[in-house]
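Now for the letters of each chain:
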Amino acid sequence: MEITPDARILFEVAGLPVNATIFNTWIVMALLTIGSALITWRLQPDVPASRWRTALEVIVTAIEAQIAEVTRQPSTRFIPFIGTLFLFIAVSNLLLVVPGFAPPTASLSTTTALALTVLVAVPAFGIASRGLGGYLRTYLQPTILMLPFNIISEVTRGLALAVRLYGNIMSGAVIAGILLGVAPFFFPVVMDMLGLLTGLIQAYIFAVLAMVYIAAATGPVPRANPSPSSRERAATDVGALDGEK
Amino acid sequence: MTDIGLIAAISIFTAGLTVAFGAIGPALGEARAAAQALASIAQQPDASGAISRTLFVSLAMIESTAIYCFVVSMILIFANPFWSWATEATAAAAGAGG
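Residues numbered from 1 in each chain as written. Chains lettered and ligands numbered in written order. Predicted model: local features only at pLDDT ≥ 70, side-chain atom pairs only at ≥ 80, totals over all residues.

## Topic: the overall build of chain A
Put simply, the test is: Each helix corresponds to a stretch of at least 4 residues labelled H or I by DSSP, and each strand to a stretch of at least 2 residues labelled E; elements are numbered beginning at the N terminus.
The number of helices and strands found in chain A is seven helices and two strands. Along the chain direction, N to C, the helices and strands of chain A fall in the order β-β-α-α-α-α-α-α-α.

## Some points on the overall build of chain B
Spelled out, the test is: Around each residue's C-beta, the other C-beta atoms within 10 Å are counted; 20 or more make the residue buried, 12 or fewer make it exposed, and counts in between make it partly exposed. All C-beta atoms are placed from the backbone.
Broken down by element type, chain B carries three helices and zero strands. Reading chain B from its N terminus to its C terminus gives the helix and strand order α-α-α. Based on the C-alpha atoms only, the size of chain B along its principal axes is roughly 75 × 20 × 10 Å. For chain B, the residues scored as buried account for 17% of the 98 residues in total.

## Re the confidence of the model for chain A
In low-pLDDT regions, the fine details of the predicted coordinates are not to be read closely. Residue and element names in this part refer to chain A. Where we set the bar: Think of pLDDT as the predictor's per-residue confidence, scored from 0 to 100. C-beta atoms are first placed from the backbone for all residues, and any pair lying within 7 Å is then listed as a contact.
Predicted confidence across chain A gives a mean pLDDT of 83, with 89% of residues reaching 70 or more. Mean pLDDT across the secondary structure elements of chain A bottoms out at helix α7 (residues 230-244), with 49, and peaks at helix α3 (residues 79-94), with 93. Taken as a whole, residues 225-233 scores under 50 in pLDDT and shows six contacts with residues more than four places along the chain or in a different chain. With pLDDT under 50 throughout, residues 239-245 is counted as low confidence; its partners more than four residues away or in other chains account for eight contacts.

## Let's talk about the interface of chain A and chain B
As a reminder, the rule being used: Only Asp, Glu, Lys and Arg are considered charged, only Ala, Val, Leu, Ile, Met, Phe, Trp, Tyr, Cys and Pro nonpolar, and every remaining residue, Gly among them, polar.
Listed by partner, the interface residues are 17 residues for chain A and 14 residues for chain B. Elements that contribute at least two residues to the side of chain A that touches chain B include exactly α5 (147-182), α6 (187-218) and α7 of chain A. The element contributing the most residues to the side of chain A that touches chain B is α5(A), with seven residues. Tallied by class, residues from the side of chain A that touches chain B come to eleven nonpolar, three polar and three charged.

## Examining the nonpolar core
Note the following rule: By our criterion, buried Ala, Val, Leu, Ile, Met, Phe, Trp, Tyr and Cys residues that link up through C-beta atoms within 7 Å make up a nonpolar core.
Leu85(A), Phe206(A), Ala207(A), Ala210(A), Met211(A) and Tyr213(A) are the most contacted members of the largest nonpolar core, which totals 44 residues. Of all elements in the fold, only α1 (20-39), α2 (51-71), α3, α4 (108-137), α5 and α6 of chain A together with α2 (48-78) of chain B reach the threshold of two or more residues within this core. Sorting elements by how many residues they give to this core places α6(A) first, with 14 residues. Non-local contacts of Ala207(A), meaning those with residues more than four positions away in its chain, are made with Ile82(A), Leu85(A) and Phe86(A). One finds Ala66(B), Ile67(B), Cys69(B) and Val71(B) within the second-largest nonpolar core, a separate group that totals six residues.

## Brief notes about the environment of Gly181(A)
Here Gly181(A) shows up in helix α5. Taking the C-alpha atoms as reference points, Gly181(A) and Val47(A), separated by 134 residues in sequence, lie 54 Å from one another.

## Digging into unusual backbone geometry
Unusually for a residue other than glycine, Ala14(A) sits at a positive phi of about 55°. C-beta crowding within 10 Å serves as the criterion here: with 4 such atoms nearby, Ala14(A) is assigned to the exposed category.

## Some details on the pairing of strand β1 (residues 9-13) of chain A
Residues and elements named next belong to chain A. We count it as follows: One requirement defines pairing of two strands: DSSP has to find at least two bridges between them.
Among the five residues of β1, zero are classified as buried, and the element is accordingly described as predominantly exposed. The pairing of β1 with strand β2 (residues 16-19) spans four bridges and is antiparallel. When the bridges of β2 are listed, Ile9 appears paired with Asn19. Count of turn residues in the β1/β2 antiparallel hairpin: two residues, of which Ala14 carries a positive phi of about 55°.

## Points about α1(A)
Residues and elements named next belong to chain A. Put simply, the rule is: Multiplying 1.5 Å by the helix residue count minus one yields the expected span of that helix. Read the arc as the range of directions from the helix axis to the C-beta atoms.
Taking 1.5 Å of rise per residue, the 20 residues of α1 would be expected to cover 28 Å, and the 28 Å separating its terminal C-alpha atoms lies within 8% of that figure. Listed as buried for α1 are Ala20, Thr21, Asn24, Thr25 and Val28. For α1, the angular spread of the buried residues around the axis is 140°, confining them to a single face. Exposed side chains of α1 directed beyond 90 degrees from the buried face belong to Trp26, Ala30, Thr33, Ile34, Ala37 and Leu38.

## A closer look at the environment of Arg157(A)
Topologically, Arg157(A) is positioned in helix α5. Residues Arg157(A) and Arg137(A) lie 20 residues apart in sequence; the distance between their C-alpha atoms is 19 Å.

## Brief notes about the packing of α2(A) against α3(A)
All names here are of chain A. Operational definition: To get an axis, fit a line to the C-alpha atoms, keeping to the stretch in contact for a helix; angles then go from 0 to 180 degrees between the N-to-C directions. Here the angle decides the label: under 35 degrees means roughly parallel, over 145 means roughly antiparallel, 65 to 115 means roughly perpendicular, and every other value means oblique. By convention the crossing between two helices is left-handed if the near helix lies anticlockwise of the far one by an angle smaller than a right angle, and right-handed if it lies clockwise.
The geometry of α2 relative to α3 is characterised by a closest axis approach of 11 Å and an angle of 115° between their N-to-C directions. The orientation of α2 relative to α3 falls into the category roughly perpendicular. Like other packed secondary-structure pairs, α2 and α3 cross with a definite hand, here right-handed. Counting all contacts with α2, which are made through Ile63, Glu64 and Ile67, the residues of α3 involved are Ile79, Ile82, Gly83 and Phe86.

Shown next as structure tokens:
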């Protein structure tokens, strides 16, 4: 049994092997881009909105509302990055129902790439909102003694993001494969339904965690005073939760 | 017992042990988190949205420790580097001997 779609080579382009992960990633990207391009083709403000356009608006406003709820900051800066992460992961996990399609998120290379984008985005957003010095100073919070731990936590949170998504999606595929040998027809279907739920939740988790990390880097500077505002508490609480792990 | 049999036996045993022990802690932790969240929702139904959102995030984080153990055991069973080394060494020895 294979535990990653990386091992399945589909065809070669100019001598370069194209494996199932790369191919399926391009399928997901094409689906998302062509789908939304077709729906927003010749948008007009006054006509009654079509069903597809309403569906897109529902998705976008839901993501906006979630970002606003998590960060208590204006969501316009974050929605391109966080929304893309969520939609890509959610669509590739949900395409699990298509026979023969191995979700690209079941490969550690895809999830590592996604986690690396988050690791780059956190300092980028932080520097954009606080300036270079202001961002670097957050590594010295609360004392300079915490510098190595802050750096370690940056790295481990990326590792945790990557392995969490990979492990969840891969385990669904592997368990369905094992059950296919033990009790065919019925139980794999039930496990795949569970896999759909897990996939959607993991996409949500990945996006929320990325948002929390970015919000912690861009939000108001945490101080050691005893009465932080509710906004700071919300941002730092979830961050501390992850830091403890 | 030969080298290859020893590697196989220890790998399979350790894979089972990893999942077994790796499931205990997260199971207890998730149970505690879920029970606490349910109690909080019962007390404050208005805050159920925020509570369930943070509950989902925390459950995923608690669960990721179990997932790490699962990944390790999957590697031990399906992508074991020691096993591939042993099979290659055996094949090389057989090639040299025959």
